[in-house]
Amino acid sequence: MKDNIFLKIDGLAAGYGRKPLIEDISLELEKGQILTLIGPNGSGKSTILKTITRQLKAIDGIVTIDGSDIFRMHSKELARQMSVVLTQRIETELMTCRDVVAMGRYPYTDYFGRLSDEDNRIVESSLKRVHALELADVSFNEISDGQRQRIMLARAICQQPDVMILDEPTSYLDIRHKVILLDILRNMSHEDGITVIMSLHEIDLAGKISDMLMCVDENHKVRLGTAREIFANDTIQKLYGIEGGSYDAVTGGVELAKPCGSPDILVIGGNGSGIPVYRKLQRKGIPFYAGVLYENDIDYRVAKALAADVISQKAFVPVSKNTEEKAYEVLNRVSAVVDCGCEHGEYDRINTELLKEAVRLGKKYNDIGSIERMR
Ligand SMILES: Nc1ncnc2c1ncn2[C@@H]1O[C@H](COP(=O)(O)OP(=O)(O)OP(=O)(O)O)[C@@H](O)[C@H]1O
């Protein structure tokens, strides 16, 4: 075993009753590492997290934090080591948000649960950290789902744990607060050395923040890897069973299915000018060719996902004879060429030439609307 391993899961089996739903989970995390569970609905992410946090009894295996078996720890001792943000609601009659956050101090308070000045200071700084100071005196029952999620994070921070476990912590947050939350988690892991295990549905964010990913598939099988390993090829597409559309591992973007049928339009884009046109054609269900695009052009990956075929050229080399021939062959075959308005330069002069030829053939249009009106 490596000596810097802080959290270790060995042969864990999780499920309901005696029947394991997920088996053979083994992994090791260093202090401050972030592990994110991803996978489709019902695959078992929450089941794993509930087992690690002892809300469900483990069917087999052990989990240790800094060498201590958490299944044998006293609950107050565990609470000093691990804080938990799960999706279920907590009973909080007549409690303010500050009261809820202060509950995070219970592993440190005396028999009567009295808060010291230091405890109160930590409560305030936790509220501040999640940008929720203005909610401190508001009733916890009267705030929105997204605000509640931030308060629950503040409560977990207040607990000053070594390990934080979060189940879908971003599910109700708007994009600004998703970014803030992930930034808080990253700072906690880097600066305070807190080890984080969470589940996320935003796979692009999961790939950006995590040291390690755990994929849980629809058959409840797990696979571990770095973002680079997991996002290679069509792993994500298979994991989520995306049939109609596609997932681009490089951009982290999901594209809907490409339009069916044989294309009769060539879209000449480049430098981002093509993307809105490709998307518009996709929405209208009109199949199209895209070209001529260098493989490092911003338009290229979306074109690959949405166009019936892309006339493309390897990056950093002049347009080849083959590409040129293919472009003219397509130009002659289609009945319309859409000019996306990109300024073409020396390296993609071919596109300027193609557009000139399209004018000569009476096939050039500046937008899709005008093609539709002509039809
Ligand atoms: N209390 C329970 N008793 C029995 N089966 C359960 C219980 N809770 C969940 N399950 C089942 O366990 C499986 C995994 O559920 P789990 O909630 O872990 O999935 P998940 O990956 O977290 O899904 P989601 O992304 O939708 O939150 C599902 O088939 C679910 O029906």
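The coordinates are above.
Residues numbered from 1 in each chain as written. Predicted model: local features only at pLDDT ≥ 70, side-chain atom pairs only at ≥ 80, totals over all residues.

Caption draft 1: Summary view of the overall build of the protein chain. If you tally the helices and strands in the protein chain, you get 14 helices and 17 strands. With respect to the three principal axes, the spread of C-alpha positions in the protein chain is 90 × 45 × 35 Å. Across the 375 residues of the protein chain, 39% fall into the buried class. A separation threshold of at least 6 residues defines the contact pool for the protein chain, and within that pool the share at least 24 residues apart is 65%. (Helix = DSSP H or I, 4+ residues; strand = E, 2+ residues; numbered from the N terminus. Buried ≥ 20, exposed ≤ 12 C-beta atoms within 10 Å, placed from the backbone. Contact = placed C-beta atoms within 7 Å.)

Caption draft 2: A look at the sheet that holds strand 1 (residues 5–16). Across the sheet, four strands lie side by side as 2-1-4-5; this open sheet has antiparallel pairing. Both outer strands of the open sheet, strand 2 (19–30) and strand 5 (68–69), are each paired with one neighbouring strand and no more. Along the sheet face, helix 1 (residues 45–52) touches strand 1, strand 2 and strand 4 (60–65) and points at about 120 degrees away from the line of strand 1. (Pairing = 2+ DSSP bridges. Axes fitted to C-alpha atoms, helices over the stretch in contact; angles between N-to-C directions.)

Caption draft 3: Spotlight on the site of the ligand. The immediate surroundings of the ligand are formed by Tyr16, Leu21, Gly39, Asn41, Gly42, Ser43, Gly44, Lys45, Ser46 and Thr47. When residues in the shell around the ligand are grouped by element, the largest group, three residues, is from helix 1. (Near = placed C-beta within 6 Å.)

Caption draft 4: Representation of the packing of helix 10 (residues 274–284) against helix 11 (residues 298–306). For the pair helix 10 and helix 11, interaxial distance at closest approach is 9 Å and the crossing angle is 15 degrees. The angle between the axes of helix 10 and helix 11 places the two elements in the roughly parallel class. For the element pair helix 10 and helix 11, the recorded crossing hand is left-handed. Judged by residue contacts, Gly274, Ile275, Tyr278 and Gln282 of helix 10 engage Asp299, Val302, Ala303 and Leu306 from helix 11. The residue makeup of the contact of helix 10 with helix 11, split by class, is five nonpolar, two polar and one charged. (Parallel < 35°, antiparallel > 145°, perpendicular 65-115°, else oblique. Left-handed = near helix turned anticlockwise from the far one by under 90°. Nonpolar A, V, L, I, M, F, W, Y, C, P; charged D, E, K, R; others polar.)

Caption draft 5: Fine view of the pairing of strand 8 (residues 195–199). Where burial is concerned, most of strand 8 is hidden: five out of the five residues are buried. Here strand 8 shows a buried face lined by Thr195, Ile197 and Ser199 and a second buried face lined by Val196 and Met198. The pairing of strand 3 (residues 34–38) with strand 8 spans four bridges and is parallel. When the bridges of strand 8 are listed, threonine 36 appears paired with methionine 198.

Caption draft 6: Representation of the packing of helix 4 (residues 117–129) against helix 5 (residues 145–158) in the model. Interaxial distance between helix 4 and helix 5 falls to 8 Å at its minimum, and their mutual angle equals 135 degrees. Put simply, helix 4 runs oblique to helix 5. Helix-helix and strand crossings are classified by hand; for helix 4 and helix 5 the assignment is right-handed. Touching Ile122, Val123, Ser126, Leu127 and Arg129 of helix 4 are Ala154, Ile157 and Cys158, all from helix 5. A breakdown of the residues in the contact of helix 4 with helix 5 according to their chemical character gives six nonpolar, one polar and one charged.

Caption draft 7: Just the sheet that holds strand 3, in detail. Ordered in space as 6-7-8-3-9-10, the six strands form an open sheet in which the pairing is mixed. The strands lining the two open edges of the sheet, one partner per strand, are strand 6 (82–85) and strand 10 (222–225). Recorded for the sheet is a direction-independent mean angle of 15 degrees between the axes of neighbouring strands. With four bridges connecting them, strand 6 and strand 7 (residues 163–167) associate as parallel partners. Note on strand 7: the bridge partner recorded for serine 83 is methionine 164. Sitting on the sheet, helix 1 touches strand 3, strand 7, strand 8 and strand 9 (212–216), and the angle it makes with strand 8 is about 145 degrees. Its contacts with the sheet put helix 5 on strand 6 and strand 7, and the angle it makes with strand 6 is roughly 175 degrees.

Caption draft 8: Up close: the nonpolar core. Counting 69 residues, the largest nonpolar core has Val101, Ile151, Leu153, Ala154, Ile165 and Cys215 as its most contacted members. Sorting elements by how many residues they give to this core places helix 5 first, with seven residues. Not counting the four nearest positions on each side in its chain, isoleucine 165 is found in contact with Leu49, Ile52, Thr53, Met82, Val84, Ile197 and Met198. Val277, Leu293, Ala305 and Leu306 belong to the second-largest nonpolar core, a separate cluster that totals 30 residues. (Core = buried A, V, L, I, M, F, W, Y, C linked by C-beta atoms within 7 Å.)

Caption draft 9: Region of the structure containing the environment of isoleucine 34. With respect to the helices, strands and loops of the structure, isoleucine 34 is situated in strand 3. For the pair formed by isoleucine 34 and glutamine 81, sequence separation is 47 residues and the distance between their alpha carbons is 16 Å. Once residues lying within four places of it in the same chain are set aside, the contact partners of isoleucine 34 are Leu185, Ser189, Val196, Ile209, Ser210 and Asp211.

Caption draft 10: Representation of the pairing of strand 16 (residues 336–339) in the model. The alternating pattern of strand 16 places Ala336 and Val338 and Val337 and Asp339 on opposite faces, both of which are buried. In terms of strand pairing, strand 13 (residues 265–268) meets strand 16 through four bridges, oriented parallel. Each bridged residue has a counterpart across the sheet, and for valine 267 the counterpart in strand 16 is valine 338. Where strand 16 meets strand 17 (residues 364–365), two bridges bridge the pair, whose relative direction is parallel. Of the residues in strand 17, the one forming a bridge with valine 338 is tyrosine 365. Of the crossover connections in this fold, the one passing from strand 16 over helix 13 (residues 349–360) to the parallel strand 17 is right-handed. (Right-handed = clockwise from strand over helix to strand, strands pointing away.)

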